[in-house]
Number of protein chains: 2
Amino acid sequence: RKKVQIFQYIFLKWTLALLIGLATGLVGFFNNIAVENIAGFKLLLTSNLMLEHRYFTAFLAFGGINLILAASAATLCAYIAPAAAGSGIPEVKAYLNGVDAHSILAPSTLFVKIFGSIGGVSAGFVLGKEGPMVHTGACIANLLGQGGSRKYHLTWKWLRYFKNDRDRRDLITCGSAAGVAAAFRAPVGGVLFALEEAASWWRSALLWRTFFTTAVVAVVLRSLIQYCRSGRCGLFGEGGLIMFDISSSISTYSTSDLIAIIILGVIGGVFGALFNYLLDKILRIYSVINEKGAPFKILLTMTISFITSCCAYGVPWLAKCTPCPTDLKEQCPTIGRSGNFKNFQCPPGHYNDLASLFLNTQDDAIRNLFSGGTENEFHMSTLFIFFTAIYCLGLVTYGVAVPSGLFIPVILAGSTYGRIVGTLLGPISDLDAGLFALLGAASFLGGTMRMTVSVCVILLELTNDLLILPLVMLVLLISKTVADGFNKGVYDQIVIMKGLPYMEAHAEPHMRHLVAGDVVSGPLITFSGVENVGTIMQALRLTGHNGFPVVDEPPFSDAPELVGLVLRYHLLVLLKGKMFTKERVRTGDGEVLKRFGASGFAKAGSGKGPKFDELSISEEEMDMFIDLHPITNTSPYTVVETMSLAKAAVLFRELGLRHLCVVPKTPGRPPIVGILTRHDFMPEHVLGLFPRLHLNR
Amino acid sequence: RKKVQIFQYIFLKWTLALLIGLATGLVGFFNNIAVENIAGFKLLLTSNLMLEHRYFTAFLAFGGINLILAASAATLCAYIAPAAAGSGIPEVKAYLNGVDAHSILAPSTLFVKIFGSIGGVSAGFVLGKEGPMVHTGACIANLLGQGGSRKYHLTWKWLRYFKNDRDRRDLITCGSAAGVAAAFRAPVGGVLFALEEAASWWRSALLWRTFFTTAVVAVVLRSLIQYCRSGRCGLFGEGGLIMFDISSSISTYSTSDLIAIIILGVIGGVFGALFNYLLDKILRIYSVINEKGAPFKILLTMTISFITSCCAYGVPWLAKCTPCPTDLKEQCPTIGRSGNFKNFQCPPGHYNDLASLFLNTQDDAIRNLFSGGTENEFHMSTLFIFFTAIYCLGLVTYGVAVPSGLFIPVILAGSTYGRIVGTLLGPISDLDAGLFALLGAASFLGGTMRMTVSVCVILLELTNDLLILPLVMLVLLISKTVADGFNKGVYDQIVIMKGLPYMEAHAEPHMRHLVAGDVVSGPLITFSGVENVGTIMQALRLTGHNGFPVVDEPPFSDAPELVGLVLRYHLLVLLKGKMFTKERVRTGDGEVLKRFGASGFAKAGSGKGPKFDELSISEEEMDMFIDLHPITNTSPYTVVETMSLAKAAVLFRELGLRHLCVVPKTPGRPPIVGILTRHDFMPEHVLGLFPRLHLNR
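Residues numbered from 1 in each chain as written. Chains lettered and ligands numbered in written order. Predicted model: local features only at pLDDT ≥ 70, side-chain atom pairs only at ≥ 80, totals over all residues. Heavy atoms only, no water.

A. Structural view of the overall build of chain A. The helix and strand tally for chain A stands at 27 helices and 10 strands. Residue burial in chain A is summarised as follows: out of 697 residues, 60% are buried. In chain A, 78% of the contacts between residues at least 6 apart in sequence involve partners at least 24 apart. As presented, chain A carries roughly 27,200 Å² of accessible surface, and 62% of it is formed by carbon and sulfur atoms. (Helix = DSSP H or I, 4+ residues; strand = E, 2+ residues; numbered from the N terminus. Buried < 20%, exposed > 50% of the residue type's maximum accessible area, 1.4 Å probe, protein only. Contact = heavy atoms within 4.5 Å. Areas by Shrake-Rupley, 256 points an atom, 1.4 Å probe, with all protein chains shown as cover.)

Structure follows, in structure tokens:
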């Protein structure tokens, strides 16, 4: 590349990082404003009706608005972009691992993700906007990298540098980091999330670019919040972006505190693993329902919405009214929207502690649970009821057809659990109840998601208190270890359930007993260096392979010799260009380059390249020949057939390959044995071929 | 592996991480206590003598103590462990890249690094203890992983799991992160440092382990500081571990502030690049002196120490006495050791601002510069003089034979520079002078070390103020970009100058024009599957190769066939075991395994395995045969000779190989063309073979 091209590339790289940060920050903020205003309107309406003692009307309004919001979110999701349902983190993770599934990052997914998430969160579902924000960030990055739509000629010449797997992956890594940063206002946490959970390949150059993006997000959010502080954003108050303030100066903790924390961590890990187990079962049931079609999806969503509304409005009636504490700075009972002391059905001067948790946005409920110095504010029975309700609702909500994150339900359930443990262990530990709530949330996060450093840093940035770091780490370490004893992390579980061929970073133990040649599945289709058009067309029609080996035979070489690998996509471009010859001769590289230019073979955006069905090759052309040498990758990575499968898997994974050629060990045989793809390394495939390995495990 | 072995491995992995954290934390704290006490005693003695107006005696005491400390540090360094001189970060970086240089992490290096660093820092040199702490952490990790000395039978059976490159590298990554965490009390910064600067390979599993280690360090330091707060550690006061507190609440910054910061960043980048350029020149001069022998090294160190003492004691006389400000909470002039207002030669009620910077420990000087709300405390001339002196002293100090970090000189010079710019740009920006000092330090760090995220997070953790993050990032981004236009980062420069074969993460552009076969250098020595002992002995004696290809020939196979690769080390073990046969027959794997066990061939600690010279093979045995099949790695990674060198380099680097077999493309030739090692990819080697590429660049 020339100097000017390098400059263009670098300039664009950083501009894109900036744009991703800006766009994600704006979307994140828009999302928050919308949720705060819609949910705020709903809650205010309900509480005003309740103040007038019109309890049934209040329920109708509350449940009705929830139902409408849920139905519209589900409709968007079911009809426009089914891929937008769920968290999105597993999909982004799989994409960054090299799974090129269609529509994961399509513009329609982005649209539904944004508006579906707003609908879902404001409908009062027990779900969060954090996972969807990650997916949104990734979609934005993908969209910007593709540079608009080719259909409308919006693409830009400079963007050709990003039409390859690596650069696209880098952009999407930045996008997912920006998503976390926007969701939690945690720039460093976002980077670490991308590093720990999302990305499969990492270069230190990427670290800096990701950090730049998340810092842009942080700056955007900060300025917009400052703008809104003067009340120009409707009901958007302090609750907008969660930022907890547990400044309950914990300077010291004793051994008995540590014992309490260890117990908390162990049980939290068990609960987290149980959550994953149950979620898996429920998702399998749901997938049966969801497969029946869009109307069923919407119906399921509305059912869950109705149940949630009943819980949120009905359960607080169980709680007794508590007289307000006398020595309070806060207002009690709260008249506005947020605050620890909801009035609900109570007489003046009293509050309903269950309503403070249930009849609230999730962010506010979490803030109430985290608030320090409030040991006696919530009754034990209240906490138990809320914990059970949220744990179950969180489980049944995730699989419905709306964009739904898992962070918030897990944090909610975890912090309630933490408060319960804190109260029960009060005799041996005198840490603050708010701190216990935070640690409980950490233990649940560790138990379900198995993320560690990023959760740690996100909690650090949310609370802005460096001193809790060792405690949070201890809890996370314990709960993750305990939960790892039972099952996999929730995102890994979902990746497997969705059937995405995710390559693990390490080779499976059973692979050590096999060699590469064992798992190669035939029959292998090879092309000659100069091949008959008809043969190619037939091969493309009959198989879905994305790569074909090219073998030179006499007279082009002395003996059969592997030239390299040709990609389906490149074949389609070449066939579309119709560079055919009557005779079996080599045309040379120059002409092809002249015809297509350097970017003619660049990878197009998802689902945008030439399609096989669009080719129109006449009968006469079918008998002609085409020279594959110019488009053949002449140095594909190869392994010998006797190489251990584990080593081949490491090679495949570390280099991020899509095809790995297997060559014979002994001379005198055809120069290629087969091609290994991602699917050939999947445990299902390998164990399907060699069931005995399964038994030996 | 069996379940119990996996458990042993995991248990040990975490225990080692814990021990590394504990040990590094303790060493870091010991280092600080020692420095604070020695330097404190020195400074108190000097100032007491000055209070009695015995100025010349004071200088003698000051310079004499410095000289003695410097000489002893240099003696340790020159006679016991020359590898301990300098920062150590480049060496650790190279080790983690796969350069297995002897003595980098030896126990003697650790010893000298700890005590040499204490001597060097307390001698008042313009150098830091941060780089040496990283090296110390790495040495501790290496020592723990090796499990004591084999000589004294101190090694532990379980530790056999760590006798391989990967696990050892993981431990050392943890160690270097712990070093940074101990030096700056920045656990997250330590992890990011290891990630960004030190490690060449990274797995997300490592992230968590590293974080655990740094958190242990943080906890250890915190408890020890709490213990010392009651005055039980001699002169160890608050100054112990740097932790700056610029709580100068910068809630807003305007556009003109940003312009000031951009100017600061650009000039800072230029100064940083200039520092690297000059340092390179000076190190080249010094290496000529240092090569003359240990006495010259010590003499050089003493000369620099004398110059430093003259500066520190002499230059403050140039400054005029300033009357103390009246509205101060602090004491003025300071009688104790730390504080912004040094008395020096001044009459009561006055202070010498130059002495506050010069006649102080570096940590205290930095704290003085960073302190907020002190716009008029330092005169412009003072800042100029101090900046010039520190910039030059920092340059001439680095190459001397004491453990010397670059962080502190760069931060010192940078923060002075920041204050100068802040004062000069006062008309357009009203940010605090302390904040300008911090940003100046960031710009210098970005300009010299080119680290970004880790510097950002370290500064964040040092100042405990999330709001400055965007400003620091902006400055770092600018200064790094500007400096990258001139030269490489200082650590990369030192790695190159030391001749360490560091593999870059990306392939050089000139490699695209070459194929793997081009750079293979002959003659290639291959062994037969069952080889004559004499032939092997001769090959081992004549060459220094670490790997030899093994080729089976008839009658063992139909045609010559590549069996695999045998390592020098394994050959030596096998020869020492004398498993010879009279005839050319295969002995089979079973017997070898029975004889040596699974761990017989494990990699020993640095310089501990069997040596060639220790072998005693009789004449008779020389004619016997040895079966190499059991010790041959039968699936080495291979590339075809026509593969692009760039792709081969990526393969080599990503998989962390030491040998890469090059096989022929066409059949009918010997089954291996050559072996590529790390050295074959070095630009010097490649460009030496193909000088034309150099011209075309």
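There's more to say after this.
B. Expanded view of the pairing of strand 5 (residues 547-552) of chain B. Residues and elements named next belong to chain B. Most of strand 5 is tucked away: six of the six residues are buried. Of the pairings in the sheet, the one linking strand 3 (residues 527-528) to strand 5 comprises two bridges and is parallel in character. Directly across from F527, in strand 5, lies its bridge partner V550. The pairing of strand 5 with strand 6 (residues 561-567) spans six bridges and is antiparallel. Bridge pairing in strand 6 links F548 to V566. (Pairing = 2+ DSSP bridges.)

C. Just the nonpolar core, in detail. Among the nonpolar cores identified, the biggest contains 302 residues, and A:F211, A:M449, A:V472, B:F211, B:M449 and B:V472 are the most heavily contacted of them. Residues contacting B:F211, with those up to four places away along its chain left out, are A:V453, A:C456, A:L469, A:M473, B:P187, B:V188 and B:V191. If you look at the next biggest cluster of nonpolar residues, it comprises 47 residues, including A:M643, A:L655, B:V520 and B:V686. (Core = buried A, V, L, I, M, F, W, Y, C linked by side-chain atoms within 4.5 Å.)

D. Up close: the interface of chain B and chain A. The partner chain A presents 55 residues to the 56 residues of chain B that form the contact. Here chain B is connected to chain A by zero salt bridges. For the interface between chain B and chain A, the tally reads four residue pairs in polar contact (both at pLDDT 80 or more). Contributions of two or more residues to the side of chain B that touches chain A are made by helix 7 (187-198), helix 8 (204-228), helix 16 (453-463), helix 17 (469-484), strand 6, strand 8 (638-640) and helix 24 (645-654) of chain B. No other element matches the nine residues that helix 8 of chain B contributes to the side of chain B that touches chain A. Looking at the side of chain B that touches chain A, its residues break down into 36 nonpolar, 12 polar and eight charged. (Salt bridge = Lys/Arg side-chain N within 4 Å of Asp/Glu carboxyl O. Polar contact = N/O pair within 3.5 Å; in protein donor to acceptor, adjacent residues only side chain to side chain. Nonpolar A, V, L, I, M, F, W, Y, C, P; charged D, E, K, R; others polar.)

E. Fine view of the pattern of salt bridges. Counted by the stated rule, this structure contains 22 salt bridges over all chains. B:R284 is the partner of B:D280 in a salt bridge, and the nearest nitrogen-oxygen pair spans 3.3 Å. Taken together, the residues span about one helical turn, with B:D280 and B:R284 both in helix 9 (residues 255-290) at a distance of four residues. One connected set of salt bridges, linked through shared partners, spans A:K93, A:E197 and A:D492.

F. Spotlight on the packing of aromatic side chains. Taken as a whole, this structure holds 45 aromatic pairs over all chains when the rule is applied. Where A:F387 meets A:Y391, the ring centres are 5.6 Å apart and the plane angle is 40 degrees; that geometry is what we call tilted. Of this pair, A:F387 and A:Y391 both sit in helix 13 (residues 380-398), four residues apart, which is roughly one turn of the helix. Assessed through its relative accessible area of 7%, A:Y391 is described here as buried. Aromatic pair B:Y313 and B:W317: ring centres 6.3 Å apart, planes at 65 degrees, arrangement edge-to-face. Taking relative accessible area as the criterion, B:Y313 reaches 5% and is therefore assigned buried. (Phe/Tyr/Trp six-rings, centres within 6.5 Å; stacked < 30°, edge-to-face > 60°.)

G. Here's a closer look at the sheet that holds strand 9 (residues 659-663) of chain B. All names here are of chain B. Taking strand neighbours across the sheet as the criterion, the three strands line up as 8-9-10 in an open arrangement whose pairing is mixed. At either end of the open sheet lies a strand with only one pairing partner, and these are strand 8 and strand 10 (674-677). If you compare each strand with its neighbour and ignore which way they point, the axes differ by 35 degrees on average. Each of strand 8, strand 9 and strand 10 is contacted by helix 24, which is oriented at about 145 degrees to strand 9, the strand it contacts most. (Axes fitted to C-alpha atoms, helices over the stretch in contact; angles between N-to-C directions.)

H. Geometry of the packing of helix 1 (residues 3-51) of chain B against helix 4 (residues 107-122) of chain B. Residue and element names in this part refer to chain B. Here helix 1 crosses helix 4 at 30 degrees, and the two axes come no closer than 9 Å. Considered as vectors, helix 1 and helix 4 are oriented roughly parallel to each other. As for the relative orientation of helix 1 and helix 4, their crossing is right-handed in sense. Contacts between helix 1 and helix 4 involve V27, F30, N31, A34, V35, I38, A39 and K42 from the first element and I114, F115, S117, I118, V121 and S122 from the second. Looking at the contact of helix 1 with helix 4, its residues break down into 10 nonpolar, three polar and one charged. (Parallel < 35°, antiparallel > 145°, perpendicular 65-115°, else oblique. Left-handed = near helix turned anticlockwise from the far one by under 90°.)

I. Highlighting the relation of the copies chain B and chain A. Laying chain B over chain A is done by rotating through 180 degrees and shifting 0.0 Å along the axis; what remains is an RMSD of 0.1 Å. Both copies are brought into coincidence by an operation consistent with a two-fold rotation axis. (Least-squares fit on C-alpha atoms with pLDDT ≥ 70 in both.)

J. Highlighting the environment of B:L359. Residue and element names in this part refer to chain B. Residue placement: L359 occurs in the loop between helix 11 (353-358) and helix 12 (362-370). For the pair L359 and G124, spaced 235 residues apart in sequence, the C-alpha separation works out to 8.9 Å. Setting aside its immediate chain neighbours within four residues, L359 contacts L43, F62, A312, Y313, K342 and F344.

K. Focus on the side chain of A:H629. All names here are of chain A. Assignment of secondary structure puts H629 in the loop between strand 7 (625-627) and strand 8 (638-640). In terms of polar contacts, H629 uses its side chain to reach the side chain of D552, at 3.0 Å. For H629, the residues in contact, after removing those within four places along its chain, are G529, V530, D552, V563 and R586.

L. Fine view of the packing of helix 3 (residues 89-97) of chain B against helix 18 (residues 490-497) of chain B. Residue and element names in this part refer to chain B. Between helix 3 and helix 18, whose axes approach to 9 Å, the crossing angle comes to 75 degrees. On the basis of the axis angle, helix 3 is roughly perpendicular to helix 18. Here I89, P90 and K93 of helix 3 lie close against helix 18, whose contacting residues are Y491, D492, I494 and V495.

M. Quick look at unusual backbone geometry. Residue and element names in this part refer to chain A. A positive phi is found at R185, a non-glycine position, where the angle reads about 55 degrees. Looking at the element boundaries, R185 is found in the loop between helix 6 (165-184) and helix 7 (187-198). R185 sits in the partly exposed class, given a relative accessible area of 23%. Positive phi, normally seen in glycine, also occurs at R450, with a value near 60 degrees. Within the secondary structure, R450 is located in the loop between helix 15 (433-448) and helix 16 (453-463).

N. Structural view of the environment of A:F612. Residues and elements named next belong to chain A. Tracing the sequence through the fold places F612 in the loop between helix 22 (589-596) and helix 23 (619-622). Along the chain, F612 and L22 lie 590 residues apart, while their C-alpha atoms are 38 Å from each other. With residues up to four places along the chain from it excluded, the contact list for F612 reads M537, L540, R541 and L572.

O. Structural context of the confidence of the model for chain A. Per-residue confidence for chain A gives a mean pLDDT of 83, with 88% of residues at or over 70. Scoring the predicted complex yields pTM 0.86 and, for the interface, ipTM 0.83. (pLDDT = per-residue confidence, 0-100.)

P. Examining helix 14 (residues 407-424) of chain B more closely. End to end, helix 14 of chain B covers 25 Å across 18 residues, agreeing with the expected 26 Å (1.5 Å per residue, within 8%). Most of helix 14 of chain B sits out of view: 16 of its 18 residues are buried. (Expected span 1.5 Å × (residues − 1).)

Q. Examining the side chain of A:T46 more closely. Residues and elements named next belong to chain A. Note that T46 resides in helix 1 (residues 3-51). On the accessibility criterion, T46 (1% relative accessible area) is buried. The contacts of T46, once residues within four sequence positions are left out, are A58, F62 and Y313.

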